[in-house]
Amino acid sequence: MLPVKRTAAGAALGFVDSELTKKHCTNFASAAATSSAASSTFNMAGGDSINGNNGVTNGKAPIGGAQLEIDEDLHSRQLAVYGRETMRRLFASNILISGMQGLGAEIAKNLVLAGVKSVTLHDTGTVELWDFSGSFLSSEEDLGKNRALVSVPKLQELNNTVIISTITTELTKEQLSDFQAVVFTDISLEKAIEFDDYCHQHQPPIAFIKSEVRGLFGSVFCDFGPEFTVLDVDGEEPHTGIIASISNDNPAIVSCVDDERLEFQDGELVVFSEVLGMTELNDRKPRRIKNARPYSFTIEEDTSNYAGYERGGIVTQVKEPKVLKFKPLQQALKDPGDFLLSDFSKFDRPPLLHLAFQALDKFTVEVGRPPLAGSEEDAQKLIALLADINNSLPDGRLEEIDPKLIRSFAFGARAVLNPMAAMFGGIVGQEVVKACSGKFHPLFQFFYFDSVESLPTESVDPNDLRPLNSRYDAQISVFGSKLQKKLEDAKVFMVGSGALGCEFLKNVALMGVSCGDGGKLTITDDDVIEKSNLSRQFLFRDWNIGQAKSTVAATAASFINRRLNIEALQNRASPESESVFDDTFWENLSVVINALDNVNARLYIDQRCLYFQRALLESGTLGAKCNTQMVIPHLTENYGASRDPPEKQAPMCTLHSFPHNIHHCLTWARSEFEGLLEKTPTEVNVYLKKPSEYISAMKQAGDAQARDTLERVLECLDSDKCDTFQDCITWARLKFEDYFANRVKQLTYTFPEDAATNNGARFWSAPKRFPRPLEFSNQDLSHINFVMAGAILRAEAFGIPIPNWAKSSEKFAEAVDKVMVPDFLPKNNVRIVTDEAATSLATASMDDADVINELVMKLEACREKLAPGYKMNPIQFEKDDDTNYHMELVTGLANMRARNYSIPEVDKLKAKLIAGKIIPAIATSTAMATGLVCLELYKVIDGSHKIEDYRNTFANLALPLFSMAEPVPTKVIKYQDMSWSVWDRWILKGSPTLRELLQWLKNKGLNAYSISFGSCLLFNSMFPKHKERMDKKMVDLVKDVAKFELPPYRSHFDVVIACEDDEDNDVDIPQVSVYYE
């Protein structure tokens, strides 16, 4: 990973909004001092790794000087979730992770990717074969070596700016004072209570997290101190509304425009701004609301004597800090309060698991080891210990203990399974971020989870759980060797190798999926690695930038498990690649795992899985949120059966003339960038390559769009053609004048500030904002930067060399001063689109054809003057390259427009997130999603689970919220003694004739009256001539009637048949596949 400049001693940790009280700042300002003290522990010998007498080793020192800078190219997706202040606090945080088996490895990976200042790994144990089912940080060569020490090199590769240190001796509680947060994954309750008491009483408090993974069971406990301030409980942007009216009442009623529903809740605080008339509300004083409705609310204020509301105004939610009072572990064990639920079908499970984990600790202390897999004696002893604990409770005793559940708990007590480690690694990693930053609501305080549904449906013989001296022994101790063999022989298709794909590859490699002689994993991704991928796509390194994702990821996964049989492809999974992913490929698959980032690709894979009746494991993330969906043949509905409503689009006229938020400005800016620098130069090249064909097509179209396109092409080659860099400066300077002065002057001339609509209402009423023209100033750096970015990109489009002085603001300003800017006079009768339903700004005219002919003549005259082979260089928008001036131009366009309309401006990062449509992403939610999916993968490979055993999940680590439920069942159609669903496809082999096909359907009690192939009708009972086709083979009808060449890799084709029963009632039947070979 590329270096990031860091501050020494964590000085930035105390950055907190100035509006917060000193009390609210305590958690973080005090922690800064701790960070400073801690830094002396690690910055030894210039960052070289050394061994001390106390078993402590120190990793690399931070790169960079005194000033903290965030590499926005690297961390852009994470910044979109956390923001700069949270990132700065993370960069100054020192973390201890004790216990470096699978769970500790996952937590460490997530925190190193997040970019904390330092991670100290503690473990006194050595690597065992048993560890390989859970941890990707060790390999066979590391057997017998200390777990913490062998973990350092691979973690350091993930982020070379994080100080990674180790402690290999027993911990003392005094050592904990060096950290802002400590995490324990393998510790006795007695020791955990001792350490937690120390952390709880420490000043400032040290965040203490205890987490365990035991087979298919897991737990988390959090204690962030007596008082912990949450600065932002959910991480969402503050809700806003555009005011339409405010009454002079007590209480005052505030109504907002019906552009969008309000998201305010009763009791929230809001502030007002930009209110005209009732200016008393513009004092930035937070006001509490009540009676919140979709488009109105009341404020607890008497506005009877305020000035009357005139127009305008924005109301914005104020996010209040929240103080949480954590109990120490010893107290919380006895009085746990409410447990965080994940699955409402298991609402009674957490209290039982609360006791089960205590009983397991007692068992381990008494026996000196956890229960053995398959040992009934150990299981019964654990059940007895649990019963004793339950009976000793003064109140809140459990009425019933599920012995079968506790037996499963006992059998897997020693195993750390990778899917569970990945899931809990995501959860715990996020809790550490919360502890260090105050961002998002902490887990308060216990969370218990189990996935016993993942076990094989048939009882496993205890002998089948015995270790085989293999790297999968821990997994075998839970599932048995038979399921392990099925996993190893599975044939898996993984689509995508980005953030989700990297995590999936690591998981399946550790699980042994496709690692047997009969197994194979095929992964495909047509993308290449970019710098911004490195903060979460952990299989990639900075030296892989520009290489194919799938190839690099597959190679990295093979290092995790050398037995992995994997083939990496760079094909996009689409209709165009069906010769690669042909029928034979799909028919041989065991399961498909999607790791995609767009809906259209997901829908395509969903249709393929439906067609070939293959299970699809679907997941996705958005910031701290993640979801998983299981698509199981003949059991569940498919992915495409339900869709989110389409994203609301702003009307064309709003974007062009009446923006009222920065999103409108940025959408317009991105559109202008693409129009000026990509689409128009592309049109120029298309014209110059084949001028006669191009002109013929434009004349044939003969509409307003063709006219506008020709005008833009003509401008590029005539009035706006650039031959020197000074021409480019002139063009950019005049664009500034056109966009931000002349167009606004014309708009306000056509619609003055006091203009009224046809019905007498104010034209410039909410949500419209009255604009003001800008006056260019070479003293305004934002003006100069806009012209500079525009000129440089214009020069690139025309292939003009850019002089060295062009990037000097002072010299560039001198060149801009040479540009002559003509005066502007507004015109009468200019038509400005105000109709929100309009989809184009081009206006049709009766003389479009004549204008097009005139434009063509001028265009041909320009072409004759061009040098042979002349062409332009279209520029495709690329948001993630900070050296290309793309975001400078888009940000400039958006902010100057925002300034026109008195809309708050944004910095380049925020502009990149919005205009670049960047999906917020963090490693923690990705890890959790893939862990959950792989718990479902056990069920799919086992092959005999019912729908009630599967789980779909929605989770939000920010809240935190976990919502699990069984999938929606597929809809079944019944007809006579038959039934089918969307999963069914009827197959007819033997290359039948049309007559044979009709008879085949007749035998099912169905009368076919229409058969079509694609858009071609092969048969309709209403057409007498179609009866002549009765004895022709269906394959010949497809070739002769539909004129379709069947590809050589296909042995069948599909027809859609409309049928009715004997009573003329339509019957919807499945798609029919006709085999001809």
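Calculation notes
Residues numbered from 1 in each chain as written. Predicted model: local features only at pLDDT ≥ 70, side-chain atom pairs only at ≥ 80, totals over all residues. Heavy atoms only, no water. Helix = DSSP H or I, 4+ residues; strand = E, 2+ residues; numbered from the N terminus. Rg over C-alpha atoms; globule rule 2.2 N^0.38 Å. Buried < 20%, exposed > 50% of the residue type's maximum accessible area, 1.4 Å probe, protein only. Contact = heavy atoms within 4.5 Å. Areas by Shrake-Rupley, 256 points an atom, 1.4 Å probe, with all protein chains shown as cover. Expected span 1.5 Å × (residues − 1). Right-handed = clockwise from strand over helix to strand, strands pointing away. Pairing = 2+ DSSP bridges. Axes fitted to C-alpha atoms, helices over the stretch in contact; angles between N-to-C directions. Parallel < 35°, antiparallel > 145°, perpendicular 65-115°, else oblique. Nonpolar A, V, L, I, M, F, W, Y, C, P; charged D, E, K, R; others polar. Phe/Tyr/Trp six-rings, centres within 6.5 Å; stacked < 30°, edge-to-face > 60°. Lys NZ or Arg CZ within 6 Å of the ring centre and 35° of its normal. pLDDT = per-residue confidence, 0-100. Salt bridge = Lys/Arg side-chain N within 4 Å of Asp/Glu carboxyl O. Left-handed = near helix turned anticlockwise from the far one by under 90°. Patch = residues over 30% accessible without salt bridge, like charges linked within 9 Å, V, L, I, M, F, W, Y side chains within 5 Å. Lys, Arg positive; Asp, Glu negative; His and termini not counted. Charge placed at Lys NZ, Arg CZ, Asp CG, Glu CD.

Engineer: Please explain the overall build of the chain as it appears in this structure.
Structural biologist: When its secondary structure is counted, the chain shows 30 helices and 32 strands. A compact globule built from 1077 residues should have a C-alpha radius of gyration of about 31 Å, and the chain, at 33 Å, falls within 12% of that. Along the longest, intermediate and shortest principal axes, the C-alpha atoms of the chain span 95 × 85 × 65 Å. Per-residue burial for the chain yields a buried fraction of 57% across its 1077 residues. Long-range contacts, defined as pairs at least 24 residues apart, comprise 73% of the intrachain contacts of the chain with a sequence gap of at least 6. Total accessible area computed for the chain in this model is approximately 46200 Å², and 49% of it derives from carbon and sulfur atoms.

Engineer: In this structure, what is going on with unusual backbone geometry? I would like to understand it.
Structural biologist: Only a minority of non-glycine residues have a phi that is not negative, and only a minority of peptide bonds are not trans. In the segment running from Ala-766 into Pro-767, the intervening peptide bond is cis, with an omega of 10°. By the element assignment, Pro-767 lies in the loop between α22 (725–750) and α23 (781–798). Cis geometry is adopted by the peptide bond preceding Pro-960, which originates at Leu-959 and carries an omega value of -20°. Mapped onto the fold, Pro-960 is located in the loop between β23 (952–956) and β24 (961–965). Although it is not a glycine, Asn-291 adopts a positive phi angle of roughly 50°. Although it is not a glycine, Ser-514 adopts a positive phi angle of roughly 60°. Using a relative accessible area of 0% as the deciding quantity, one classes Ser-514 as buried.

Engineer: How should helix α14 (residues 499–511) be read in this particular structure?
Structural biologist: Since the α-helix turns once every 3.6 residues, residues separated by three or four places project in the same direction. With 13 residues, α14 extends 19 Å between its outermost C-alpha atoms, agreeing within 8% with the 18 Å of an ideal straight helix rising 1.5 Å per residue. Counting buried positions along α14 yields 13 of 13 residues, so the element is predominantly enclosed. Just downstream of α14 lies Gly-512, where phi reads positive at about 85°.

Engineer: Just checking my understanding: could you explain helix α6 (residues 189–201) for this structure?
Structural biologist: Over its 13 residues, α6 extends 18 Å from the first C-alpha to the last, a length consistent with the 18 Å expected when each residue adds 1.5 Å. All of the buried residues in α6 are Leu-189, Ala-192, Ile-193, Phe-195, Asp-196, Cys-199 and His-200. Of the surrounding secondary structure, the elements contacted by the buried residues of α6 are β5 (181–184), β6 (207–214), β7 (217–223), α7 (329–334) and α8 (349–367).

Engineer: In this structure, what is going on with the pairing of strand β21 (residues 615–622)? I would like to understand it.
Structural biologist: The side chains of a regular strand alternate, residue by residue, between the two faces of the sheet. The buried count for β21 comes to six of eight residues, which makes it a mostly enclosed element. In this fold, the crossover linking strand β20 (residues 591–594) to β21 by way of helix α17 (residues 599–612) has right-handed handedness. Alignment of β21 against strand β22 (residues 625–631), held across seven bridges, turns out to be antiparallel. Counted as the bridge partner of Leu-617 is Met-630 from β22.

Engineer: Explain the packing of helix α26 (residues 886–900) against helix α27 (residues 908–915) to me, please; I cannot follow it from the model alone.
Structural biologist: Between two packed helices, both the angle of their axes relative to each other and the distance between the axes serve to describe the pair. At their nearest, the axes of α26 and α27 sit 9 Å apart, and the two run at 90° to each other. Taken together, α26 and α27 sit at an angle that is classed as roughly perpendicular. Counted together, Met-887, Glu-888, Val-890 and Thr-891 of α26 and Lys-908, Ala-911, Lys-912 and Ala-915 of α27 form the full contact between these two elements. Along the lines of polarity and charge, the residues of the contact of α26 with α27 split into four nonpolar, one polar and three charged.

Engineer: Looking at this structure, I do not really get the side chain of Ser-619. What am I missing?
Structural biologist: Along the chain, the position of Ser-619 falls in strand β21. A relative accessible area of 1% places Ser-619 in the buried class. Residues contacting Ser-619, with those up to four places away along its chain left out, are Leu-500, Phe-504, Asn-594, Arg-602, Asn-627, Thr-628 and Val-933.

Engineer: Sorry, what's going on with the pairing of strand β14 (residues 314–318) here?
Structural biologist: Here strand β9 (residues 240–246) runs beside β14; their pairing, made up of three bridges, is antiparallel. When the bridges of β14 are listed, Ile-242 appears paired with Ile-314. Both strand β11 (residues 269–273) and β14 contribute to a ladder of five bridges, which runs antiparallel. When the sheet's bridge partners are listed, Val-270 is paired in β14 with Gln-317.

Engineer: What should I look at first to understand the sheet that holds strand β13 (residues 296–299) in this one?
Structural biologist: Sheets are built from strands that pair by backbone hydrogen bonding, the pairs being arranged parallel or antiparallel. One closed barrel holds the six strands; their spatial order is β9-β10-β13-β12-β11-β14, and the pairing between them is antiparallel. With direction set aside, neighbouring strand axes in the sheet form an average angle of 45°. Pairing of strand β12 (residues 287–290) with β13, which is carried by two bridges, proceeds in the antiparallel orientation. The residue of β13 that forms the bridge with Ile-289 is Ile-299.

Engineer: Whenever I open this one, the packing of aromatic side chains confuses me. Can you help?
Structural biologist: The description of an aromatic ring pair rests on the distance of the ring centres and on the angle between the ring planes. Counting across every chain of the model gives 49 aromatic pairs. Judged by centre distance (5.8 Å) and plane angle (80°), the rings of Phe-725 and Trp-805 are edge-to-face. With Phe-725 in helix α22 and Trp-805 in the loop between α23 and α24 (809–817), this pair connects stretches of sequence that are 80 residues apart. Assessed through its relative accessible area of 32%, Trp-805 is described here as partly exposed. Residue placement shows Arg-733 over the ring face of Phe-776; its charged tip is 4.1 Å from the ring centre. In this structure, Lys-768 is placed above the aromatic ring of Phe-658, and the distance from its NZ or CZ to the ring centre is 5.3 Å.

Engineer: Mind showing me how you'd approach the confidence of the model for the chain here?
Structural biologist: When pLDDT drops low, the exact placement of atoms in the prediction is not to be read closely. Residues at a pLDDT of 70 or more form 93% of the chain, whose mean pLDDT is 91. Throughout residues 1–54 the model reports pLDDT below 50, and contacts reaching past four residues in sequence, or to other chains, amount to 143 contacts. Counting interchain partners and residues more than four positions distant, the pLDDT-below-50 stretch residues 56–67 has 50 contacts.

Engineer: What should I look at first to understand the sheet that holds β22 in this one?
Structural biologist: What the eight strands build is an open sheet, ordered β19-β18-β17-β20-β21-β22-β23-β24; its pairing is mixed. Two strands in the sheet have a free side with no partner beyond their single neighbour: β19 (566–569) and β24. With strand direction ignored, the average angle separating the axes of adjacent strands in the sheet is 10°. Bridge count for strand β17 (residues 491–495) against strand β18 (residues 520–524) is five bridges, and the pairing is parallel. Residue Val-492 lies in a different strand from β18, and its bridge partner there is Leu-521.

Engineer: What is the right way to read the pattern of salt bridges from this model?
Structural biologist: For side chains bearing opposite charge, pairing can occur when the charged atoms are close. The full count for this structure, using the stated rule, is 69 salt bridges. Its salt-bridge partner being Lys-109, residue Glu-106 comes within 2.8 Å of it at the nearest N-O pair. One end of the pair is Glu-106 and the other is Lys-109, both in helix α4 (residues 102–114) and three residues apart, which spans about a single turn. The two residues Glu-106 and Lys-109 agree in class, both being buried. Among the ionic pairs, Lys-506 bridges to Glu-503, the shortest N-O distance being 2.9 Å. With a gap of three residues between them, Lys-506 and Glu-503 both fall in helix α14, about one helical turn apart. Here Lys-506 falls in the buried class, since its relative accessible area comes to 0%. Overall, Glu-503 belongs to the buried group, its relative accessible area being 0%. Through salt bridges with shared partners, a single network forms among Asp-343, Lys-346, Arg-349, Asp-450, Glu-453 and Arg-951.

Engineer: Looking at this structure, I do not really get the environment of Ala-356. What am I missing?
Structural biologist: Inspection of the secondary structure assignment puts Ala-356 in helix α8. Once the C-alpha coordinates of Ala-356 and Glu-888 are considered, the two residues, 532 residues apart in sequence, prove to be 58 Å apart.

Engineer: What am I meant to see in the environment of Ile-389 here?
Structural biologist: Locating Ile-389 in the fold gives a position in helix α9 (residues 376–392). Each C-alpha atom of the pair Ile-389 and Cys-934 lies 34 Å from the other, and the pair is 545 residues apart in sequence. For Ile-389, the residues in contact, after removing those within four places along its chain, are Leu-355, Gln-358 and Ala-359.

Engineer: What is the right way to look at the packing of helix α11 (residues 418–437) against helix α28 (residues 923–942) in this model?
Structural biologist: Put simply, α11 and α28 touch, their axes get as near as 7 Å, and they point 155° apart. With respect to α28, the element α11 is oriented roughly antiparallel. Handedness of the crossing formed by α11 with α28: left-handed. Counted together, Pro-419, Met-420, Ala-422, Met-423, Gly-426, Ile-427, Gly-429 and Gln-430 of α11 and Thr-924, Ala-927, Met-928, Gly-931, Leu-932, Cys-934, Leu-935 and Tyr-938 of α28 form the full contact between these two elements. Residue composition of the contact of α11 with α28, grouped by class: 11 nonpolar, five polar and no charged.

Engineer: Teacher, can you tell me more about a negative patch on the surface here?
Structural biologist: A surface patch of like charges, here negative, comprises Asp-258, Asp-259, Glu-260, Glu-263, Asp-835 and Glu-836. Its relative accessible area of 63% is what places Asp-258 among the exposed residues.

Engineer: I would appreciate a short explanation of a nonpolar patch on the surface in the present structure.
Structural biologist: On the surface, a cluster of nonpolar side chains totalling about 230 Å² of accessible area is made up of Phe-954, Leu-959 and Leu-961. Within the element layout of this structure, Leu-959 appears in the loop between β23 and β24. Residue classification places Leu-959 among the partly exposed residues on the basis of a relative accessible area of 35%.

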